[in-house]
Amino acid sequence: MEVALSNPKLISLAAGFVDTDSLPVEEVKAAIDVVLGHPQQAKLALQYGTTQGHPPLLDWIIQHVSQLDRIPSEKQTLSRKNVVLTTGSQQLLYLLSEMLLDTGDIVITESPSYFVYHSVLAGVGVNVLTVPMDNQGMDTSELRRLLERIERAGELHRVKLIYTVDYFQNPTGLTLSAARRQELIEIVHHIAQNSQHRILILEDAAYRELRYEGEELPSLRSLDHTGQHVIYAGTFSKPLSPGLKTGYAILPEDLLEPLLRLKGNHDFGSNHFSQHVLTQLVTSGAYSQHVEKLRTIYKEKRDVLLQSLEEHFGNLSGVSWTQPRGGMFVWMSLPIDMPTSPDSPFLKAALKEGVLYIPGEFGHVSDRGPAPTHEMRLSFGSATLEQIREGIRRLRQAFDSVPCGQQAATSLN
Ligand SMILES: Cc1ncc(COP(=O)(O)O)c(C=O)c1O
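For clarity, every value in this text was computed on a predicted model and none was experimentally measured.

Analysis parameters
Sequence positions are assigned chain by chain, starting from 1 and proceeding in written order. This being a predicted model, a pLDDT of at least 70 is required before a residue's local features are given, and a value of 80 or more before pairs of side-chain atoms are given or counted; all residues contribute to the totals for chains, interfaces and linings. Only heavy atoms go into the side-chain values, all of them from the structure, while hydrogens and water stay out. Should a side-chain nitrogen of Lys or Arg be within 4 Å of a carboxyl oxygen of Asp or Glu, the pair is scored as a salt bridge. Throughout, exposure labels follow a simple rule: accessible area from a 1.4 Å probe, protein chains only, divided by the maximum for the residue type, with under 20% read as buried, over 50% as exposed, and the rest as partly exposed. Secondary structure counts use DSSP, requiring at least four H or I residues in a row for a helix and at least two E residues in a row for a strand, with both numbered from the N terminus. When DSSP finds two or more bridges between two strands, those strands count as paired. When the strands point away from the viewer and the path from the first strand over the helix to the second turns clockwise, the crossover is right-handed. Here a residue is near a molecule or strand as soon as one of its heavy atoms is found within 4 Å of it. We call two N or O atoms a polar contact when they sit within 3.5 Å, provided that within protein one can donate a hydrogen and the other can accept it, with sequence-adjacent residues counted only if both atoms are side-chain atoms. Method for areas: the Shrake-Rupley scheme with a 1.4 Å probe, in which residue coverage is limited to the protein chains shown. Only buried residues count toward a nonpolar core. Its members are Ala, Val, Leu, Ile, Met, Phe, Trp, Tyr and Cys residues joined through side-chain atoms within 4.5 Å. Note that the domain bounds reflect an automated or database-derived domain assignment. We call two residues in contact when some of their heavy atoms are within 4.5 Å.

A few points about the pattern of salt bridges
Side chains that differ in sign of charge can pair as their charged atoms come close.
And step 1. Tallying each qualifying case throughout the model produces 24 salt bridges.
And step 2. Note that Arg211 is salt-bridged to Glu216, the shortest N-O span being 3.4 Å. Pair check on accessibility: Arg211 and Glu216 agree, each one buried.
And step 3. The shortest N-O distance in the salt bridge between Arg302 and Asp303 comes to 2.9 Å.

Have a look at this one:
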């Protein structure tokens with residue numbers, strides 16, 4: 001990182017930052033003007049709020065997520081007892097881990113997965129077991145096999161949580177398919193019926209609204225008709241602005257009180273002013289217009305990244321990458337003998353060329369043997385179109401400058 005930061009011409013395809021140019025400056029300014037323009041509302045917004053969050057925004061979240069799931073209002077079963085606002089979804093992930101998990105418990109995640117969450121789990125001392133992914137997301141047959149093995153070992157009661165970033169995952173860009181969504185829900189229902197053990201699914205939908213093609217898939221939460229098994233984590237960071245640092249949970253009713261007690265001890269409520277500004281942004285329609293705009297912007301960036309990869313790496317065997325239909329990430333695999341690790345010749349060469357990526361091994365835990373070291377996460381969130389094109393060109397130069405890669409990959413030209 002030091003080398004990287006000392007080079008002002010470095011192109012970062014590493015950071016998970018959102019697109020800077022499209023941040024909604026005017027929209028937020030207008031919303032703040034409205035909030036502060038009414039003396040009564042201004043004072044409310046500048047006062048403490050509740051631990052749970054600003055009620056109109058809680059109501060909007062219920063309505064919004066239900067609309068995404070195409071649940072007609074007469075079939076709506078959620079109430080304010082199912083929703084809480086947090087300081088970004090990251091706080092929620094942390095609080096839930098503290099609340100639900102004890103040392104030695106088992107959490108199942110996708111492999112690879114959101115590495116910041118892995119470090120939260122490491123902090124709690126849980127045993128992280130992983131399930132591989134393919135183009136349909138988490139491999140649910142593998143999940144079944146894993147759960148059967150755990151049950152045979154008499155450890156099923158220790159499995160507390162299955163964590164999935166099921167839309168345009170960070171770090172792979174992959175999405176859990178409709179059939180696998182059903183299967184995942186069936187798996188936890190089956191265990192609840194047969195073993196009277198409740199496994200929760202933490203559905204991290206951080207990138208859900210950044211969808212550039214394909215149909216809107218129903219959330220796991222909406223498929224869980226018992227309402228007992230899914231905690232849905234959402235955020236305003238990706239579809240609007242991380243600076244407002246506001247996330248939310250939709251969760252089974254019995255989890256609300258313990259979560260609020262814990263959150264109360266942490267902060268007795270997230271940034272109340274942000275919540276008032278957000279309420280204005282969602283009710284004025286500025287939020288949905290912004291999401292539409294972002295979809296166009298990120299789609300173009302994704303297309304440019306995929307075209308550039310095709311142009312510069314398309315003729316190499318042993319090199320592949322995902323084709324995300326949304327989100328901000330592409331997951332790239334190099335030949336197996338071309339490590340991308342922090343101390344690898346390839347990363348050094350990439351830094352020398354002036355491009356940075358996230359080494360793929362950060363996304364893995366080594367429960368299934370040594371983590372793969374030949375993958376990387378490429379982000380098209382904050383880089384400009386020109387930087388994306390140039391960044392991938394530099395990445396290919398780095399690839400060519402490492403002797404091992406030249407031997408490993410056969411040019412198809
Ligand atoms: C998958 C995933 N979940 C949660 C978060 C946390 O985001 P925030 O706390 O800004 O809502 C991120 C941020 O990058 C993420 O990628």
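Now that the structure has been shown, we can carry on.
Quick word on the pairing of strand β3 (residues 106–111)
And step 1. Burial within β3 is extensive, with 6 of its 6 residues counted as buried.
And step 2. Here 6 bridges tie β3 to strand β4 (residues 127–134), and the two strands are oriented parallel to one another. Across the sheet, residue Val107 finds its bridge partner in β4, namely Val128.
And step 3. The parallel pair β3 and β4 is bridged by helix α6 (residues 115–124), and the resulting crossover is right-handed.
And step 4. Sheet topology places β3 next to strand β6 (residues 159–164); 4 bridges connect them, and they run parallel. Its bridge partner lying in β6, Thr109 is registered against Tyr163.

What about the site of the ligand?
And step 1. Neighbouring the ligand are 13 residues, the closest being Asp204, Tyr207, Thr235, Ser237 and Lys238.
And step 2. One of the backbone nitrogen or oxygen atoms of Ser89 is found 2.7 Å away from an oxygen atom of the ligand.
And step 3. A distance of 2.6 Å is found between an oxygen atom of the ligand and a side-chain nitrogen or oxygen belonging to Thr235.
And step 4. Out of a free accessible area of 400 Å², the ligand has 92% covered by protein chains.
And step 5. The element best represented in the shell around the ligand is helix α5 (residues 88–100), accounting for 3 residues.

Thoughts on the nonpolar core
And step 1. Core analysis: the largest hydrophobic core is formed by 75 residues, its most contacted members being Ile61, Phe313, Met332, Phe346, Leu378 and Leu395.
And step 2. Examining the composition of this core, we find that 10 residues originate from one element, helix α12 (residues 286–313), more than from any other.
And step 3. Each of two domains, domain 1 (2–16 + 289–402) and domain 2 (26–284), supplies a minimum of three residues to this core.
And step 4. With sequence-adjacent residues up to four places away left out, Met332 is seen in contact with Leu309, Phe313, Val319, Ser320, Trp321, His374, Glu375, Met376, Leu378 and Leu395.

Just distances and angles here, no functional claims.
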